[in-house]
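# Notes for the structure review
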Amino acid sequence: MSQPFLLGAATAPYQVEGNNVNSDYWKMEHVKHSDFIEKSGEACDHYHRYKEDLALLAGSGCNAYRFGIEWARIEPEEGHIDRQALSHYRDVLLCCHSLGLTPVVTLHHFSSPTWLIGQGGWAKPYVVTAFARYARIVAEELGDLMTYVCTINEANMGFQLGKIAQDMMKSKGKKEGDVQVGTNSSLSLKTILLGMLEQGRVFHVSPFAVNTFLKPRNQAAEKIVMAAHRAAKAEIRRVAPDLRIGLTLSLFDYQPLPGGEERAAQLWQEDFGFYLPFFRDDDFLGVQNYTRKIIDTKGAQEIAPDAALTQMGYETYPEALGHVLTKVAEDFHGDLIVTENGIATADDAARCVFIQKAIAGLRDAQSRGVSVRGYLHWSLLDNFEWQAGYAKTFGLIAVDRRTQTRYPKESLSTLGAFARA
Ligand code: BGC
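Remember, it's a predicted structure, so these values are computed and weren't measured experimentally. Think of each chain on its own: its residues are numbered from 1, step by step along the sequence as written. Under the rules for a predicted model, residues below a pLDDT of 70 receive no local features and side-chain atom pairs below 80 are neither given nor counted, while totals for whole chains, interfaces and linings still include all residues. Side-chain metrics rest on all non-hydrogen atoms present in the structure, leaving aside hydrogens and water.

Any residue with at least one heavy atom within 4 Å of a molecule or strand is counted as near it. The full set close to the ligand counts 15 residues, and Gln15, Glu154, Gln180, Glu340 and Glu385 are the nearest of them. The term polar contact refers here to a pair of N or O atoms within 3.5 Å; inside protein, the definition further demands a hydrogen-donor-capable atom paired with an acceptor-capable atom, and it admits residues adjacent in sequence only when both atoms are side-chain atoms. Within the side chain of Glu340, a nitrogen or oxygen atom sits 2.7 Å from an oxygen atom of the ligand. Separating an oxygen atom of the ligand from a side-chain N or O atom of Glu385 is a distance of 2.6 Å. Each accessible area is a Shrake-Rupley result for a 1.4 Å probe, and residues are judged covered by the shown protein chains and nothing else. Relative to its unbound accessible surface of 310 Å², the ligand loses 100% to contact with the protein. Gly counts as polar in this scheme, as do all residues outside two lists: the nonpolar Ala, Val, Leu, Ile, Met, Phe, Trp, Tyr, Cys and Pro, and the charged Asp, Glu, Lys and Arg. Along the lines of polarity and charge, the residues of the shell around the ligand split into 7 nonpolar, 5 polar and 3 charged.

Let's shift gears to the pairing of strand S5 (residues 244-250). Summarising burial for S5: 6 of the 7 residues are buried, a large majority. Relative to S5, strand S4 (residues 148-152) runs parallel, the two sharing 3 bridges. Its bridge partner lying in S5, Val149 is registered against Ile245. Bridging between S5 and strand S7 (residues 284-288) involves 5 bridges; their strand directions are parallel. Bridging from a neighbouring strand, Gly246 pairs with Phe284 of S7. Buried, partly exposed and exposed residues are distinguished by accessible area as a fraction of the type maximum, computed with a 1.4 Å probe on protein chains only: under 20%, between the cut-offs, and over 50%, respectively. The helix and strand labels rest on DSSP assignments: H or I over at least four residues marks a helix, E over at least two residues marks a strand, and numbering proceeds from the N terminus. Two strands qualify as a pair provided that DSSP identifies no fewer than 2 bridges between them.

In this section: the packing of aromatic side chains. Any pair of Phe, Tyr and Trp rings, taking the six-membered ring for Trp, is counted once the centres come within 6.5 Å. Such a pair is stacked with planes under 30 degrees apart, edge-to-face with planes over 60 apart, and tilted for the rest. Overall, the coordinates contain 26 aromatic pairs when judged by the stated rule. Ring plane angle 50° and centroid distance 6.5 Å describe the contact between Tyr290 and Tyr314, whose orientation is recorded as tilted. Residue Tyr290 is found in the loop between S7 and strand S8 (292-296), and its partner Tyr314 is found in the loop between strand S9 (299-300) and helix H13 (320-331); the two are separated by 24 residues along the sequence. The same class applies to Tyr290 as to Tyr314, namely buried. Sitting over the ring of Phe213, Arg217 keeps its end group 4.7 Å from the ring centre. Throughout this description, the term charge over a ring refers to an Arg CZ or Lys NZ atom that lies within 6 Å of the ring centre and within 35 degrees of the ring normal. Taking NZ or CZ as reference, Arg292 lies 4.0 Å from the ring centre of Tyr317, over its face.

Here the focus is helix H3 (residues 46-59). One axis is fitted to the seven residues ending at the residue and one to the seven starting there. The bend at that residue is the angle between these axes. Along its length, H3 reaches its greatest deviation from straightness, about 35°, at Glu52. For H3, the full list of buried residues reads His46, Tyr47, Tyr50, Asp53, Leu54, Leu57 and Ala58. Positive phi shows up at Gly61, right after H3, with a value of about 110°.

Nothing here speaks to function; it is geometry throughout.
If you want it as structure tokens, here you go:
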């Protein structure tokens, strides 16, 4: 049966639920020399307020919601499954269905259970077994209510971070906006080193072996991530054969200047081509794009001084989405779902324009035969942008975190209008 075009918004559990005390991020936030600008705390208390949030999303006309299941809630200790957490996510899924929202469920969105890091985290093959076991449990228990499953969010992030780490070592310095995720580049070397020592103690591993998901990785280590994806997919297939399974990638629109073609092709190969053999036969690919990079013979150029910037420091460039979708479809022939695309800004009128332009680009790609099955805007709520804290506002709904009051923005209705049209 063909699904209607999915139109909606996305969140990640750690960024909105609050109090994910058994997750590695919680531990990293709470060491004395933490690299987080602020703590996640109660976040948006979405764990308790999801009904209100989903009602707002559905009320705008949207028909889909991408959210994540927090592994550390399901398996707070290794091998111990928390039935209450499973039943919570069952309620969220039921709520989606009752409101006419197709759920798109992410199994891993950056945060992992603390115990996994003690077992070697994302650098040791054990994660393949552990992640597949968790994926099977979720599919067995909740598969009857699910349709789309994203195994791993931005499965290509480790290598992108690895390249930044290499640049830093060559003392080229790290630029904000080099990755499409909130980082904190304001720390002194001393704070970084003390933080590493403290994290090692918390996770009971050497300070150099704190292998959480967002750690720099080389391509050999990326194969472990891909193996985890494939093992999880096989387990889910076994217990819930009808689910549509994919992963998501963080992708830039690389635009070569004359002479930059080879470098742009190499960057695309590193972000996309390297991973393709591992997901080529998936049911869909989740495409996540926020901006472009202009490439000359040496690599990414500095952003033009007159370009509009988002709060994340990268260029506001909604046209990137259509370009990336078209580029992906040259080599991946399954369905595409835009699982994230958005803008961190305090100017909601700019967000409305961003949405309109991004969807225009998506439609243009569709008109050229690209099979795009959905657009899930990042993000439903202003939320915890990882190391960068709460100041980066990506949401369609503002949240006053003192009272947890929700304030839907005009952009929510702009997005919903595409579903109502
Ligand atoms: C991540 C989100 C993040 C967003 C905005 C993506 O990299 O999946 O967790 O909040 O970008 O930076």
